[in-house]
Amino acid sequence: MKTILVTGGAGFLGSHLCDRLIKNGHKIICVDNLSTGSKRNIEHLQHHPHFVFVEHDIRRFKKWSVDEIYNLACPASPEQYQKKPAHTIETCVLGILNMLELARNTGAKILQASTSEIYGDPLEHPQKESYWGNVNTLGPRGCYDEGKRCAESMMIAYRDQYHCQIKIARIFNTYGPRMQRHDGRVVSNFIVQALQGSDLTFYGDGQQTRSFCYVEDTVEALVRLMATVDFEGPVNIGNPVEMTLLELADIILKKTQSSSEKVFLAPAKDDPNKRRPDISLAKQVLSWSPRVSIDRGLNHTIEWFSGS
Ligand SMILES: NC(=O)c1ccc[n+]([C@@H]2O[C@H](COP(=O)([O-])OP(=O)(O)OC[C@H]3O[C@@H](n4cnc5c(N)ncnc54)[C@H](O)[C@@H]3O)[C@@H](O)[C@H]2O)c1
């Protein structure tokens, strides 16, 4: 049994990761400041003998005795991370610094939840790990994109100078149960709007593409990455099935039998036009590719939103 620290463990992805690691027989220290996460996401684990929740902000250092660290703490939705941009970049940069110091002190392996956003509005399509990206440092997404880019560089610096064992996962859009209802992510937005019969809001003409990966698949890839020997990434984790937001909306409208109208608002600044991961590396090194189709994943997600 390993002792594993999961930062952001009360969030969408983090809570599913905690479920999976508990199932694998490990002891979990779940750290979260509850800024975008919720105790509700982990309430079923609260009395588990191998689960501990600590309300803590990773911008401050705290010491734990751990074998592995999954650093997921950071708001992921543009609406959330732009509310307090200074907190976002501090979480990315000071947060990973504190976690790397912990890894250095304890010898723990550390996995950073990086993002496809480090590719910015990509000029290369699909995106391979070798692509350096196209990010507007000064734009509204800079606090997140550049924070995450800096976090990757800090991982490399701690590996080179202090020999930390690092793993970098570049996660593409993930969806599933426990996404917040109103945090502005497109899948949850469309499902909630369709179920309520209110207008489906598009920022731009809806022709921008995304590739959506079901949360169970993303978690599987993170666990596999942590288990690798002599591999540190970065590795893309996502579903290469690409669709326009209009196509996504049509699937959701059909599944929910909703008569909601589509409404087109001004495009969001620096919103990427295209997004699709090249997952050749994940296939080769992690023997991983997504198993849950968009059809099945959306069914689970819609069912969860209908009942929550
Ligand atoms: N979900 C995705 O599509 C996606 C895509 C790429 C990368 N990621 C990365 O995965 C991670 C988890 O994303 P998510 O979708 O679960 O988002 P989320 O907002 O649901 O979860 C983030 C969690 O981190 C916590 N948190 C934020 N700042 C913190 C701080 N300073 N100290 C302690 N806790 C803090 C929040 O309360 C929340 O519980 C993030 O790092 C995100 O950048 C997610």
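See the structure printed just above.
Since the structure is predicted, the reported quantities are computational estimates derived from the model, not experimental observations. (Residues numbered from 1 in each chain as written. Predicted model: local features only at pLDDT ≥ 70, side-chain atom pairs only at ≥ 80, totals over all residues. Heavy atoms only, no water.)

**Q** Can you help me understand helix H3 (residues 85–106) in this one?
**A** Because the α-helix completes a turn every 3.6 residues, residues three or four places apart line up on one side. Here H3 spans 31 Å end to end across 22 residues, near enough to the 32 Å set by a 1.5 Å rise per residue. Along H3, the sharpest kink reaches roughly 30 degrees, centred on Thr91. For H3, the complete set of buried residues consists of Thr88, Thr91, Cys92, Gly95, Ile96, Asn98, Met99, Leu100, Leu102 and Ala103. On its buried face, H3 sits against strand S1 (3–7), strand S4 (68–71), helix H2 (78–81), strand S5 (109–115), helix H4 (142–162) and strand S6 (166–171). Downstream of H3 by a residue or two, Gly107 has a phi angle that is positive, lying close to 80 degrees. (Helix = DSSP H or I, 4+ residues; strand = E, 2+ residues; numbered from the N terminus. Expected span 1.5 Å × (residues − 1). Bend = angle between axes of the 7 residues up to and from the residue. Buried < 20%, exposed > 50% of the residue type's maximum accessible area, 1.4 Å probe, protein only. Contact = heavy atoms within 4.5 Å.)

**Q** Mind showing me how you'd approach the side chain of Glu129 here?
**A** For Glu129, the position within the fold is in the loop between S5 and H4. The charged side chain of Glu129 is buried without a salt bridge, its nearest counter-charge being Arg170 at 6.4 Å. Here Glu129 is in contact with Tyr119, Arg170, Pro234, Val235, Asn236, Asp278 and Leu281, once residues within four sequence places are set aside. (Lys, Arg positive; Asp, Glu negative; His and termini not counted. Salt bridge = Lys/Arg side-chain N within 4 Å of Asp/Glu carboxyl O.)

**Q** Before we go on, may I ask you to explain the packing of helix H5 (residues 186–196) against helix H7 (residues 245–256) in this structure?
**A** Two packed helices can be described by the angle between their axes and the distance between those axes. It is the contact of H5 with H7, at a shortest axis distance of 10 Å, that shows an interaxial angle of 40 degrees. Two packed elements cross with a definite hand, and for H5 against H7 that hand is right-handed. On H7, the residues touching Val186, Val187, Phe190, Ile191, Ala194 and Leu195 of H5 are Leu245, Leu248, Ala249, Ile252, Leu253 and Thr256. (Axes fitted to C-alpha atoms, helices over the stretch in contact; angles between N-to-C directions. Left-handed = near helix turned anticlockwise from the far one by under 90°.)

**Q** Would you mind showing me how to read the nonpolar core here?
**A** Side chains of a nonpolar character, in soluble globular proteins, are inclined to be buried together. Judged by nonpolar contacts, the single largest core of 60 residues is most densely connected at Ile28, Phe51, Tyr70, Phe190, Phe212, Leu248 and Leu298. Tallying contributions element by element places helix H6 (residues 215–227) first for this core, with seven residues. Residues within four places of Tyr70 in sequence aside, it is in contact with Ile4, Leu5, Val6, Thr7, Leu17, Leu21, Leu111, Leu222, Val223 and Met226. In this structure, Ile29, Leu100, Ala108 and Cys164 belong to the second largest nonpolar core, which totals 23 residues. (Core = buried A, V, L, I, M, F, W, Y, C linked by side-chain atoms within 4.5 Å.)

**Q** I would appreciate a short explanation of the packing of aromatic side chains in the present structure.
**A** Working definition: an aromatic ring pair is given by the centre-to-centre distance plus the angle between the planes. The full count for this structure, using the stated rule, is nine aromatic pairs. Between Tyr119 and Tyr131 the ring centres are 5.9 Å apart and the planes differ by 25 degrees, which places this aromatic pair in the stacked class. With Tyr119 in the loop between S5 and H4 and Tyr131 in the loop between S5 and H4, this pair connects stretches of sequence that are twelve residues apart. Their ring planes at 50 degrees and their centres at 5.1 Å tell us that Phe190 and Phe202 sit as a pair that is tilted. Here Phe190, found in helix H5, pairs with Phe202, found in strand S8 (residues 200–203); they are twelve residues apart in sequence, far enough to count as distant. Exposure remark for Phe190: the relative accessible area of 1% places this residue in the buried category. By relative accessible area, Phe202 is classed as buried at 2%. (Phe/Tyr/Trp six-rings, centres within 6.5 Å; stacked < 30°, edge-to-face > 60°.)

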